[in-house]
Amino acid sequence: MLSGALVLFLAVGAIAIDGDVLVRTPKGAIRGTTLISRNGRTIYSFRGIRYALPPTGERRFKIPLTKEDDLHPVIVLFHPGAWFAGSGQSNLAGPQYLLDEDVVFVSINQRLGAFGFLSTGDSESPGNYALKDQQLALQWVRDNAQHFGGDPNSVTLFGSTSGGASAQYHMLSPQSAGLFHRVIAASGSCLCSWALNKDPLTLAKRQAALLDCPHDENTTSKEIMDCIKTKDTAEISKSFRRLRAPVPSTDLWTGVFNATEDKPSCPQGNDFIDGPISEDCLFLNIYTTK
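For every chain, the first residue of its written sequence is number 1, and the numbers climb from 1 along that sequence. For this predicted model, a pLDDT threshold of at least 70 governs which residues receive local features, and a threshold of 80 or more governs which side-chain atom pairs are given and counted, while totals over whole chains, interfaces and linings are taken from all residues. The side-chain values count all of the structure's non-hydrogen atoms but skip hydrogen atoms and water molecules.

## Points about the packing of helix H2 (residues 129-144) against helix H3 (residues 162-172)
Then comes step 1: Axes here refer to lines fitted to C-alpha atoms; in helices the fit is confined to the stretch in contact. Angles between the N-to-C directions go from 0 to 180 degrees. Runs of H or I in DSSP of at least four residues are treated as helices and runs of E of at least two as strands, each being numbered from the N terminus. For the pair H2 and H3, interaxial distance at closest approach is 11 Å and the crossing angle is 70°. The orientation of H2 relative to H3 falls into the category roughly perpendicular. Residues Leu131, Gln134, Gln135 and Leu138 of H2 lie in contact with H3, whose contacting residues are Ser166, Tyr169 and His170.
Then comes step 2: Three residue categories are used. Nonpolar comprises Ala, Val, Leu, Ile, Met, Phe, Trp, Tyr, Cys and Pro, charged comprises Asp, Glu, Lys and Arg, and polar comprises the others, including Gly. Among the residues making up the contact of H2 with H3, the classes are represented as three nonpolar, four polar and no charged. Reported orientations rely on four angle classes, namely roughly parallel under 35 degrees, roughly antiparallel over 145, roughly perpendicular from 65 to 115, and oblique for the rest. Note on contacts: a residue pair is in contact if any heavy atoms of the two residues lie within 4.5 Å.

In structure tokens:
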């Protein structure tokens, strides 16, 4: 029995490409064949097009469902690590527990430490780059989740410590509106004292000093950033241990107010202090059982 499929015959509107007959739809291309009418006219034939999910198993004796009706909720993880360490890689944040349920799981990597948050408090280096990375990843999830069986209209942000604070920052950001629908913030909040840097320029000057860049009271933001941008990724990464020594790590790289976009480079997430360095960490992992 052919169920949930249709047969479509057209006299016009199809595209012939290398002998194949194709019609492009929002859901992708549909391949067809040709037939000849009684009077010799070419007919483009598209048979067995599924328009609903098979009414079998748990869907027996129920109303018909499309693929969009059967999408799973999406859970997006912002990893912990005080915004200077950690990673969303699968050995640290894998899908083995969550994917016993009907969900799609996404873990995100973003820039860390100075690469994610260095701010001079003005347009030279506005900061919040890591939060902007997360925001762009959420846009990707919105645009692509359905191709992995995920429902873009049911996205939950989840994070602990700095990951929880990140999730709450997106609750406050107008630019993140509509990209998610629920938040689970564990052991971290953007209201915590460690989650907001109220004096980013002072920290930027400390970073500059460790890199032998201008940093006195008369140094401008432009002079600081012009020098820091000449330093390679490894040099900036290795300076973090000395930067961290005088103060608790939670008083270091955090969000700032009134930030805009920029694109400094970034180290590999899980080995931030001394490990292998990568110029590109803007990637995510997605897991689905669909």
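## Description of the state of the cysteines
Then comes step 1: Cysteine sulfur atoms are paired as a disulfide whenever they fall within 2.5 Å. A complete count under the given rule lists one disulfide for this structure.
Then comes step 2: With its sulfur 2.0 Å from that of its partner, Cys213 forms a disulfide with Cys227. Between Cys213 and Cys227, the S-S torsion sits near -80°, and that sign places the bridge as left-handed. With Cys213 in the loop between helix H4 (200-210) and helix H5 (221-228) and Cys227 in helix H5, this pair connects stretches of sequence that are 14 residues apart.
Then comes step 3: With relative accessibility at 16%, the residue Cys227 sits in the buried group. Relative accessibility under 20% of the residue-type maximum defines a buried residue, over 50% an exposed one, and the middle range a partly exposed one, all with a 1.4 Å probe and only protein chains included.

## Points about the nonpolar core
Then comes step 1: The definition of a nonpolar core used throughout is a set of buried Ala, Val, Leu, Ile, Met, Phe, Trp, Tyr and Cys residues joined through side-chain atoms within 4.5 Å. With 15 residues, the main nonpolar core has Val74, Val76, Phe78, Leu138, Val141, Val155 and Leu157 as its most contacted residues.
Then comes step 2: Every element with two or more residues in this core is listed here: strand E6 (72-78), strand E7 (104-108), H2 and strand E8 (150-160).
Then comes step 3: One finds Ala208, Leu211, Cys213 and Ile228 within the second-largest nonpolar core, a separate group that totals 12 residues.

All we've got here are geometric facts, nothing functional implied.
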